[in-house]
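Remarks on the overall topology
Chain by chain, the residues run as shown.
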Amino acid sequence: MKCLTCGKPCRTDAEKDMHKRFTGHAEYAEQTEDAVINTEVEMKEAQDAMDDDADILRASLGKPPKAKPKTEAGAEGGGAAGGSGEAGTSGSEEMVPAEVPENLLKEMEEMGFGRNRAIRAIWFSKAVTSVEAAVNWLMDHDTDPGIDEPLLVKKSEAEGSGQDGGSKEPVDPVEARRKAEELMRKAREKREKEEKEMERLRELERIRAGKEMQKIREKDDEQALKRIAEQRKREKEEEARAREELRRKLEEDRKERRRKLGLPEELTEEEKAREAEKRKKQEEEEASKKAFNYVKPISLLSKMRSQLVTLKKAHMAGVAGSSGEEAFKTACGTMLKYLGNIAANPGEDKFRSIRLANAAFQSRVGVLPGAIDFLLTCGFEKTDEALVMAADKVNMELLNGAGAALNEAITNPFFGVL
């Protein structure tokens, strides 16, 4: 705040009340920009104003004024001891970078010390002619905080540092070098120790993160298995409901047919026995088919592939008047069609029988030695007039494997070559 009557700045409410009490001035205004003291002169003026107000207060109480410091009295009397510029350096004195002998600084840097660290060592050790004192100082202060930060000193100290003098004793350069190497060795060991500790902590963190990721993956896998199990359970329940609905409809249809025929809706004991015998026979047939199809025909698949390779080589060599690769693909395509019809309609007798006298069969497949052997391996049996595959000999896995081998022989140009 600032008194609008006399212009005196009041930096606190206490100053304002004191000034108002002894001057009677009552008008004040906020002057925040004037409350900032940037120079030593402004600081001194503010202090003098506060001392004057205090003297007025002491006089009103009948007490003598407060004695002023000797430096201030000397400055007022214009003594011969210098001007006010050097009367008392305050903490706000300008700070400047420390300056040290350039030759010592260069020598310290050649030893491997950082520039800021070397400047601090030379400055505080007051080294002048050699770096031994600086190295000794670093030996004692190597772990000080901020040792690698730039050094700022008061301007007056920087200007007077050249006149302070320093260590003038002759120094052994070998000893200085040894101490520097010792200090560097300790610093290197410390750095290596810190790096090992950091590496250990990083490894622990990596292990911890890995364990957490493993737990997350295990939890995700467990949830995925639960979802699959629930999905299968729902599918089974839906399938059971569908079967029950189908069974109910079949039962209603059966009752309706019996009513139309004038028979009772429920089966007689004799009919029930026949139905039970029929179901038992069907179950046995299905079980025998499953048992037959359970063994994977690996040896047969290998045999069929070998037969196809021989068949292709025979076609490529022009055996039996064949026309090369196109004729081989035609034969494979024909046999693939036969097997595909059986796989799609295993209950149809016409697809499980191939007449040997059929002109298309003879021109495409029968004329080539080895083609009929391939079909026999697939499950056909040869009679006098035809190749026949019995219903109980239909092996879907074997048919699928044969179809895959035929498809590869047709589409892969390198089949049987490599």
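The rules behind these values
Residues numbered from 1 in each chain as written. Predicted model: local features only at pLDDT ≥ 70, side-chain atom pairs only at ≥ 80, totals over all residues. Heavy atoms only, no water. Helix = DSSP H or I, 4+ residues; strand = E, 2+ residues; numbered from the N terminus. Buried < 20%, exposed > 50% of the residue type's maximum accessible area, 1.4 Å probe, protein only. Contact = heavy atoms within 4.5 Å. Axes fitted to C-alpha atoms, helices over the stretch in contact; angles between N-to-C directions. Parallel < 35°, antiparallel > 145°, perpendicular 65-115°, else oblique. Left-handed = near helix turned anticlockwise from the far one by under 90°. Nonpolar A, V, L, I, M, F, W, Y, C, P; charged D, E, K, R; others polar. Patch = residues over 30% accessible without salt bridge, like charges linked within 9 Å, V, L, I, M, F, W, Y side chains within 5 Å. Areas by Shrake-Rupley, 256 points an atom, 1.4 Å probe, with all protein chains shown as cover. Salt bridge = Lys/Arg side-chain N within 4 Å of Asp/Glu carboxyl O. Lys, Arg positive; Asp, Glu negative; His and termini not counted. Charge placed at Lys NZ, Arg CZ, Asp CG, Glu CD. Core = buried A, V, L, I, M, F, W, Y, C linked by side-chain atoms within 4.5 Å. Pairing = 2+ DSSP bridges. Phe/Tyr/Trp six-rings, centres within 6.5 Å; stacked < 30°, edge-to-face > 60°. pLDDT = per-residue confidence, 0-100. Expected span 1.5 Å × (residues − 1). Arc of directions from axis to C-beta.

Section: the overall build of the protein chain
Per the secondary structure count, the protein chain includes 14 helices and seven strands. When each of the 418 residues of the protein chain is scored for burial, the buried share is 23%. Here the contacts in the protein chain between residues at least 6 apart in sequence split such that 64% fall between residues at least 24 apart.

Things to note about the packing of helix α4 (residues 102-111) against helix α5 (residues 115-125)
It is the contact of α4 with α5, at a shortest axis distance of 9 Å, that shows an interaxial angle of 130°. With respect to α5, the element α4 is oriented oblique. Every pair of crossing elements has a handedness; the one defined by α4 and α5 is right-handed. Contacts between α4 and α5 involve Leu104, Leu105, Met108 and Glu109 from the first element and Arg115, Ala118, Ile119, Ala121 and Ile122 from the second. Residues belonging to the contact of α4 with α5 are distributed by class as follows: seven nonpolar, no polar and two charged.

Regarding a negative patch on the surface
A contiguous patch of negative charge, built from Glu277, Glu283, Glu284, Glu285 and Glu286, is present on the exposed surface. Structurally, the position occupied by Glu277 is in helix α9 (residues 269-294). Assessed through its relative accessible area of 54%, Glu277 is described here as exposed.

Description of the environment of Glu326
Looking at the element boundaries, Glu326 is found in helix α11 (residues 325-344). For the pair formed by Glu326 and His315, sequence separation is 11 residues and the distance between their alpha carbons is 8.8 Å.

Digging into a nonpolar patch on the surface
Nonpolar side chains collect at one region of the surface, where Met198, Leu201, Leu204 and Ile207 lie side by side and expose about 340 Å² of accessible area between them. Following the sequence through the fold, Leu204 ends up in helix α8 (residues 173-260).

What to know about the side chain of Thr334
Position of Thr334 among the secondary structure elements: in helix α11. Relative accessible area serves as the criterion here: at 9%, Thr334 is assigned to the buried category. Dropping the residues within four chain positions of it, Thr334 is found in contact with Arg364 and Val365.

Things to note about the nonpolar core
One finds Leu308, Met335, Leu339, Phe361, Phe374, Phe380 and Leu387 to be the most contacted residues of the largest nonpolar core, which totals 32 residues. Elements represented by at least two residues in this core include exactly α10 (298-316), α11, α12 (359-366), α13 (371-377) and α14 (396-411). In contact with Leu308, not counting residues within four places along its chain, are Phe328, Cys332, Met335, Phe374, Ala405, Leu406 and Phe415. Listed in part, the 25 residues of the second largest apolar core include Val96, Ala118, Trp123 and Ile147.

Observations regarding the sheet that holds strand β7 (residues 386-388)
With respect to topology, three strands assemble into an open sheet ordered β5-β7-β6, the strand pairing being antiparallel. Sheet topology places β5 (353-355) and β6 (381-382) at the edges, where each strand pairs with a single neighbour.

Considerations on the pattern of salt bridges
Summed over the entire model, instances satisfying the criterion amount to 18 salt bridges. Of the charged contacts, one joins Arg117 and Asp148 as a salt bridge, the two residues approaching to 3.0 Å between their closest N and O atoms. Of the two residues, Arg117 sits in helix α5 while Asp148 sits in the loop between α6 (132-141) and β4 (152-154), which places them 31 residues apart along the sequence. We classify Arg117 as buried; its relative accessible area is 15%.

Overview of the packing of aromatic side chains
Counted according to the given criterion, the structure contains two aromatic pairs. Residues Phe124 and Trp137 carry aromatic rings whose centres are separated by 5.6 Å and whose planes lie at 15° to one another, so their mutual orientation is stacked. Here Phe124, found in helix α5, pairs with Trp137, found in helix α6; they are 13 residues apart in sequence, far enough to count as distant. Phe124 sits in the partly exposed class, given a relative accessible area of 41%. Ring centres 6.2 Å apart and planes at 45° place the aromatic pair Tyr338 and Phe361 in the tilted group. Residue Tyr338 is found in helix α11, and its partner Phe361 is found in helix α12; the two are separated by 23 residues along the sequence. Of the two residues, Tyr338 and Phe361, neither departs from the other in class, the shared state being buried.

Here's the deal with the confidence of the model for the protein chain
Here the protein chain averages 77 in pLDDT, while 76% of its residues score no lower than 70. Predicted confidence for residues 70-91 stays below pLDDT 50, and this span has six contacts to residues more than four positions away or in other chains. Confidence over residues 163-170 falls short of pLDDT 50; this stretch has 10 contacts with residues more than four positions distant or in other chains.

As for α11
For α11, with 20 residues, the first-to-last C-alpha span of 28 Å sits near the 28 Å given by 1.5 Å per residue. Restricting attention to buried positions, one finds in α11 the residues Ala327, Phe328, Ala331, Cys332, Thr334, Met335, Tyr338, Leu339 and Ile342. The buried residues of α11 occupy an angular sector of 155° when the element is viewed end-on, so they sit on one face. Projecting away from the buried face of α11 at angles above 90 degrees are the exposed residues Glu326, Lys337 and Ala344.

A short note on α5
With respect to burial, α5 is a largely interior element, eight of its 11 residues being buried. By the burial criterion, the buried members of α5 are Arg117, Ala118, Ile119, Arg120, Ala121, Ile122, Trp123 and Ser125. Where α5 ends, the next residue or the one after it, Lys126, has phi of about 55°, a positive value.

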